[in-house]
2 protein chains.
Amino acid sequence: MSDPDRPRPQGARAPDLRPLLDPGAIAILGASDDPTRIGGRPLRYMLEAGFARPIYPVNPNRATVQGLKCYATIADVPGPVDCALVALPAEIVVEAVEACAAKGVKSTVVFSSGFAETDAEGAARQARLAEVVRRTGIRVVGPNCLGIFNAGIGFYATFSSSLDAGPPPPGNIAIVSQSGAYGSHVFALARAKRLGVRYWITTGNECDVEIAEGIAWAALAEDVEVIVAYAEGVRDGAGLRHSLDLARAAGKPVIFMKVGRSEIGAAAAASHTAALAGSDAIYDAVFRQHGAYRADSTEAMLDVAYACTAGIYPKGRRIGLVTISGGVGVQMADAASDLGLDVAAMPEAAQARLKEMLPYAAPRNPVDITAQAFNDLTLVSRNLELMLEEGGYDVIVAFFTMVAASPYIVDDLLAALGELRRRYPERLIVLSLVAPPDIVQRYEDAGFLVFEDPGRAIAAVAALAGFGRSFARGPADPPPTLAADAIAIPDERLSEHESKTILAAAGLPVVEERLIRSAEAAAEAAEKIGPPVVMKLNSRDIGHKTEIGGVLLNVASPEAARQGYETLLARAAEAAPGALVDGVLVAPMVRDGVETILGVQHDPVFGPAVMFGLGGIFAEALGDVVFRIAPFGEDEARRMIGEIQGRAVLEGLRGRPRADQEALAKALAALSGFAAAAANRIESVDVNPFLVRPEGEGAVAVDALIVPCKKELSS
Amino acid sequence: MSDPDRPRPQGARAPDLRPLLDPGAIAILGASDDPTRIGGRPLRYMLEAGFARPIYPVNPNRATVQGLKCYATIADVPGPVDCALVALPAEIVVEAVEACAAKGVKSTVVFSSGFAETDAEGAARQARLAEVVRRTGIRVVGPNCLGIFNAGIGFYATFSSSLDAGPPPPGNIAIVSQSGAYGSHVFALARAKRLGVRYWITTGNECDVEIAEGIAWAALAEDVEVIVAYAEGVRDGAGLRHSLDLARAAGKPVIFMKVGRSEIGAAAAASHTAALAGSDAIYDAVFRQHGAYRADSTEAMLDVAYACTAGIYPKGRRIGLVTISGGVGVQMADAASDLGLDVAAMPEAAQARLKEMLPYAAPRNPVDITAQAFNDLTLVSRNLELMLEEGGYDVIVAFFTMVAASPYIVDDLLAALGELRRRYPERLIVLSLVAPPDIVQRYEDAGFLVFEDPGRAIAAVAALAGFGRSFARGPADPPPTLAADAIAIPDERLSEHESKTILAAAGLPVVEERLIRSAEAAAEAAEKIGPPVVMKLNSRDIGHKTEIGGVLLNVASPEAARQGYETLLARAAEAAPGALVDGVLVAPMVRDGVETILGVQHDPVFGPAVMFGLGGIFAEALGDVVFRIAPFGEDEARRMIGEIQGRAVLEGLRGRPRADQEALAKALAALSGFAAAAANRIESVDVNPFLVRPEGEGAVAVDALIVPCKKELSS
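Just so it is clear, the model here is predicted, and its values are computed rather than measured.

Caption draft 1: Representation of the domain arrangement of chain A in the model. Entries for chain A in the domain assignment read domain 1 (18-308), domain 2 (319-472), domain 3 (512-588) and domain 4 (594-708). Placing the centre of domain 3 of chain A and that of domain 4 of chain A at their C-alpha centroids yields a distance of 27 Å.

Shown next as structure tokens:
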């Protein structure tokens, strides 16, 4: 790990951020009388918000600060202190935090910059701060952060100028962000959209508290329903996964923006933060595995957060579309279909009834009621009722644009729709309107989500449906369990045969092959297996055996096998004269299958990750591979298989049989069990090709290689 | 074609919509004194807007309408009339239009519904209307449309209630939409964003005027700079392409939304409109080929239209990113990179200078100046100056969020930035701000584009860069020319050999092969070609020869070829006893190449389209194929090749040689020339595989089949 001074990961611990986020009493080190300065703003915000618990300003140069009695040092503070805000020059921060620990202060929020984000001197300073954390147990948010807040109690431990425009409206959203500037931006946008941010946590340099703990706090906090997170990269992978699991178990959606998707973005992220990058594809896997929604824009993040405030997470994917413009109906159908929602047709009988009611309507789905329906608003609600009742849609999105915005229409339409809202409380009903904010609010107050753009409405609905599926599936299905020492892995390089033997012991189906060490044995093996056979050099020292002609395909007879043995050994002697050759593998030619690739990589943040893709050069050309963190069960493996773009190949194209996806899922789960058990012993596993045979016929690893790690990795 | 009553396509004609869009005098049939009715609204809008040309209300039941003298019939109108609005019951529309034609009225806008969008009776009515158009030459917009407007002269020939909120602000955007409801929605959104819509054209059922003519009008109109178009499908493919070319030649961007991308969306579109669907992938090809931007949401459409009002279309892709939040810098870099923009690093020397100026900045690109730079605003402008001067960026996007929104900062920042705006008028400078509308407007008035969301800013910039490239490349490069009768194509089914002979004559490189008709000749051919060879049955009657064992690979000797001949004929006799076999093809085994697929399909709207994709089952599994309308030149073919997802395969993966893409481009262009020349004679061409050999070694069609059409297609 790149930061040896950092305390141990918190993943295993239950989060205990109460002193930070719900403190009984607080101190402000470097408190200022000037309400525009870093040491003055938090106090001003808290006084304005009526924070009702003891506040102790600390400043040796003043008797009072903003009307409160001021103390010369933290030691002088009379009562106990849960949290101290530190607004001091970097040079004196470490001793100040040390003094806090000595006083028994439980936590600190360090605003000061001049730490690891600057230079070697700053990094050394941060290391000393981390050492204080480790030694005393005091918790530190920051340094170099914009702080935190808990709007519920008026605790604004932040100098972010985004609070100048006032506190957030009431609500149950938690924002957890590594970046203070970005956290402020998102908070400002959220407030502009009238979204109530309850907790706001920016972690800055993360010398101690990481965003994972913030997410875990929010997952367990009773006054949080929606979690929005932002990271450029995390260090505590296990902690992050644990916090996402807590949120999922609590039925709270996590909307996560992790930047650095592209190569250039990742480079920019690396230069911007000291955090370990990890692979972006692995983050993607983590979010999928733990049911978090990965937002790729701030707009999408807030759209989904807004949609989550409805608290309805559809279990199914059936979406009913209503429109007064046929063209927008088509657009919505396109968007819904792109996002995997099911634009199921209305039942024929219901279509007929609808057509009776609205002769000019297109009744299938999208249901085009045209603007004419607004001449009698009960037609609008009766249409929606029919769709909810007969169509069985989990979600309805209705595009009414400015037609429903007229003040004359709002009352009547709300009267007509409100009854439906009460009768179907578990169905999501989303309106797409172009209307002034006061009209939008009236629809929202009546229990409808309102979006201006129908496409953004559909995207948000798809995210809610994703949460619905994730919440419904319950705890992760059990992975195969292998004891950490169940399988011995040598320290040195492994041959193909040794690799396969180990993987077979871990439950991966492997081609039945014989390791022989003479021409005579080769002939016998070919005879027993039945030609044609494959013959391969088996050597720890020859990595790319194909390149030196170390593989013979279609060996047609025992006699050819005898000859083949000599040929292979001669080739090894010529091309790799120093290599130890531990015999030759003889195996049946396996055909009739889809070539896939399975693998294990060791991610520096999340540990062993299992990779899956289709074989051939296309995985490489298209990057069409998916990952999951090991270990995982077969259900997760099935979801993984379903995520590759080329999955149609496994379904059987051009009349080919469907591939045995159950066997594939079992193999992936088995490999993940092995990867987890051997996490500290292996650098990588490459199973290529892994042949998935027609349904019912299983699958086999045809070639495989385990690369042990040079020295044991500490986790 | 499905609508034989429709007049001929207008593609070849110069558009002549002046009587419709710039009429000297107008009449309103069915004029109403009630300004809320369909026959009353247009008059009200025009009177309010001060339309200064003669207006003749026509209504047998009234002496005056909204204060104007009213006429009993169109024949009674004293002066000449360029355009008559028709707000009459469907039953009397045809005779009314006929009466208009008799009076010499040049054009009509028919609001009335009750035509092809309803039932068979309506369709018959529309056919009669089309017949009047054909016979008299009068032009018709509609029926079943919301009308048109020319805001420049206050001509509001529409009853859309979106005009209730007043006319649009001045500007140079044309909106051309098949759907009136959607056109109204887009217009309302555009006005809310202060975008000036000059022309608004909704074509409804398109019994005569199609959107292509509207686009062509806008392309040639001096008071239009940006064109926004919406369609569910067009009938006049050639007309659409011609209009897009006119726009491109005039340097006017076309932002096009064509709905029905997905299967379910296409089905919804088909049920919503009588227009021929055509294939959505072909529309995609048309937009790429003619440089139009395909919008996939209304929001994107309006974002790009707004960005186009700056009138700056960057020739290059270099984008400089400025941010006060490192995290947003990474997000912008991700988004820019996804969209093919070049987030090029600042030159080292410039980075050093920047670092001197702003010691806390990250100077590479994205340039993170942090909010601290706002303490001295000249730092912000000097940073931008350095980026424009030394970084050579075509575009700068600066994320200042709410920091630049403070009223105190705006004056000073504008003073600092304004000078830059004047010195670099050809560079695009986009600000990402969270600010109230009046502050946004001040930045816009100073020549900056303003977006709230940085991701949407980047997406719009990418669209502008696409237009810049399209405008810069000038007229389409010349396609290969083949006279329409240069190549004779029989009416009947063709064998592989006949197909290849025809394609070779058209300039497609084809594998050198021999058609032999005896075992002896097979042996001789194998001898001359040099084994191993491939042998294939050559028969018009056997389509899938692989399935009956009609292909022998790796035939290793003349003797084997002799035997092979007998084997193939025996198989043909057994599997396809009635089939005529016209000999056997003997060809060399071609290796060392990337398997690709070339094809030609006949699109009902756009005619012959050339398809390209990589071979194997992946093209099928992933749908990774691209199209272009034939004919086209090699430059277009190169762009086409660059569009497939798997293009890395052609660049040489895993140390394989780069494929001969020049030969591939030549072949695609040649095939397009053939497809265009033989457009009326062929149903499809399938060249599979087309083997693209290593660079410098060309490419060859290994198998090919031309399917002639049953009877000659009329275009």
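Caption draft 2: Looking closely at unusual backbone geometry. All names here are of chain B. Omega for the bond connecting asparagine 365 with proline 366 falls within 30 degrees of zero, at 5°, which places this linkage in the cis form. Structurally, the position occupied by proline 366 is in the loop between α12 (348-357) and β16 (367-368). Between asparagine 688 and proline 689 the backbone carries a cis peptide bond, its omega angle lying at 5°. Its location among the elements puts proline 689 in strand β27 (residues 682-692). Unlike most non-glycine residues, asparagine 144 shows phi in positive territory, near 60°.

Caption draft 3: Spatial organisation of the pairing of strand β9 (residues 155-158) of chain B. Residues and elements named next belong to chain B. Residues Phe155 and Ala157 point to one face of β9 and Tyr156 and Thr158 to the other, with burial holding for every one of them. Relative to β9, strand β8 (residues 147-150) runs antiparallel, the two being bridged by four bridges. Opposite asparagine 150, over in β9, you have phenylalanine 155 as the bridge partner. The loop that links β8 with its antiparallel partner β9 comprises four residues; one of these, glycine 154, has a positive phi angle of about 70°.

Caption draft 4: The confidence of the model for chain A, seen in detail. Residues and elements named next belong to chain A. When pLDDT is averaged along chain A, the result is 90; 95% of the residues meet or exceed 70. Low pLDDT, under 50, characterises residues 1-14; the predicted model gives this stretch 22 contacts beyond four residues in sequence or across chains. Contacts of residues 272-277 to residues separated by more than four positions or lying in other chains number 24 contacts, the stretch itself having pLDDT below 50. Reported confidences for the modelled complex are a pTM of 0.91 and an ipTM of 0.87.

Caption draft 5: Expanded view of the sheet that holds β8 of chain B. Strand order in the open sheet made by the seven strands is β9-β8-β11-β10-β12-β13-β14 (chain B), with mixed pairing throughout. On the outer flanks of this sheet lie β9 and β14 (293-294) of chain B, each paired with one strand and no other.

Caption draft 6: Quick look at the interface of chain B and chain A. Facing the 57 residues of chain B at the interface are 57 residues of chain A. Residue contributions to the side of chain B that touches chain A peak at ten residues, all from helix α11 (residues 326-338) of chain B. A class-by-class count of the residues in the side of chain B that touches chain A yields 26 nonpolar, 19 polar and twelve charged.

Caption draft 7: A look at the nonpolar core. Formed by 455 residues in total, the largest nonpolar core has its most connected members in Ile227 of chain A together with Ile227 and Val461 of chain B. Look past the residues within four positions of isoleucine 227 of chain A in its chain and what remains in contact with it is Ala174, Val176, Ile215, Ala218, Ala219, Ala247, Lys252, Pro253, Val254 and Ile255 of chain A.

Caption draft 8: View of the pairing of strand β23 (residues 584-588) of chain B. Residues and elements named next belong to chain B. Here β23 lies mainly inside the structure; four of its five residues are buried. Where strand β21 (residues 533-537) lies against β23, five bridges are found, and the strand directions are antiparallel. Residue pairing in the sheet places valine 534 in a bridge with alanine 587 of β23.

Caption draft 9: Inspection of the sheet that holds strand β1 (residues 26-29) of chain B at higher detail. Residues and elements named next belong to chain B. Here we have five strands laid out as an open sheet, ordered β2-β1-β5-β6-β7, and parallel in their pairing. The open sheet is flanked by β2 (55-58) and β7 (139-141), the only strands paired with a single partner. In this sheet, neighbouring strand axes are inclined to one another by 20° on average, regardless of whether the strands run parallel or antiparallel. Where strand β6 (residues 107-110) lies against β7, three bridges are found, and the strand directions are parallel. Counterpart to valine 109 in the pairing with β7 is valine 141. The strands that helix α2 (residues 41-49) touches are β1, β2 and β5 (83-86); relative to β2, the one it contacts most, it runs at about 160°.

Caption draft 10: Looking closely at the relation of the copies chain B and chain A. Structural alignment of chain B on chain A gives an RMSD of 0.1 Å, achieved by rotating through 180° and translating 0.0 Å along the axis. Such a combination of turn and shift is consistent with a two-fold rotation axis. The fraction of interface residues of chain B whose copies in chain A are also interface residues reaches 100%, indicating that both copies meet through the same surface.

Caption draft 11: Examining the environment of glycine 549 of chain A more closely. Residues and elements named next belong to chain A. Considering the arrangement of structural elements, one finds glycine 549 in the loop between β21 (533-537) and β22 (551-555). Taking the number of C-beta atoms within 10 Å as the measure of exposure, glycine 549 has 15 and is therefore partly exposed. C-alpha of glycine 549 to C-alpha of arginine 571: the two residues are 22 residues apart in sequence and 6.8 Å apart in space.

Caption draft 12: Structural context of the packing of helix α18 (residues 519-529) of chain B against helix α19 (residues 558-575) of chain B. Residue and element names in this part refer to chain B. Across the interface, α18 lies against α19 with an axial gap of 7 Å and an inter-helix angle of 140°. With respect to α19, the axis of α18 lies oblique. When the axes of α18 and α19 are compared, the crossing they make is right-handed. Of α19, the residues touching α18 (which contributes Ala519, Ala522, Ala523, Ala525, Ala526 and Glu527) are Pro558, Glu559, Ala561, Arg562, Gly564, Tyr565 and Glu566. Looking at the contact of α18 with α19, its residues break down into eight nonpolar, one polar and four charged.

Criteria and cut-off values
- Residues numbered from 1 in each chain as written.
- Chains lettered and ligands numbered in written order.
- Predicted model: local features only at pLDDT ≥ 70, side-chain atom pairs only at ≥ 80, totals over all residues.
- Domains from an automatic or database assignment.
- Helix = DSSP H or I, 4+ residues; strand = E, 2+ residues; numbered from the N terminus.
- Buried ≥ 20, exposed ≤ 12 C-beta atoms within 10 Å, placed from the backbone.
- Pairing = 2+ DSSP bridges.
- pLDDT = per-residue confidence, 0-100.
- Contact = placed C-beta atoms within 7 Å.
- Nonpolar A, V, L, I, M, F, W, Y, C, P; charged D, E, K, R; others polar.
- Core = buried A, V, L, I, M, F, W, Y, C linked by C-beta atoms within 7 Å.
- Axes fitted to C-alpha atoms, helices over the stretch in contact; angles between N-to-C directions.
- Least-squares fit on C-alpha atoms with pLDDT ≥ 70 in both.
- Parallel < 35°, antiparallel > 145°, perpendicular 65-115°, else oblique.
- Left-handed = near helix turned anticlockwise from the far one by under 90°.

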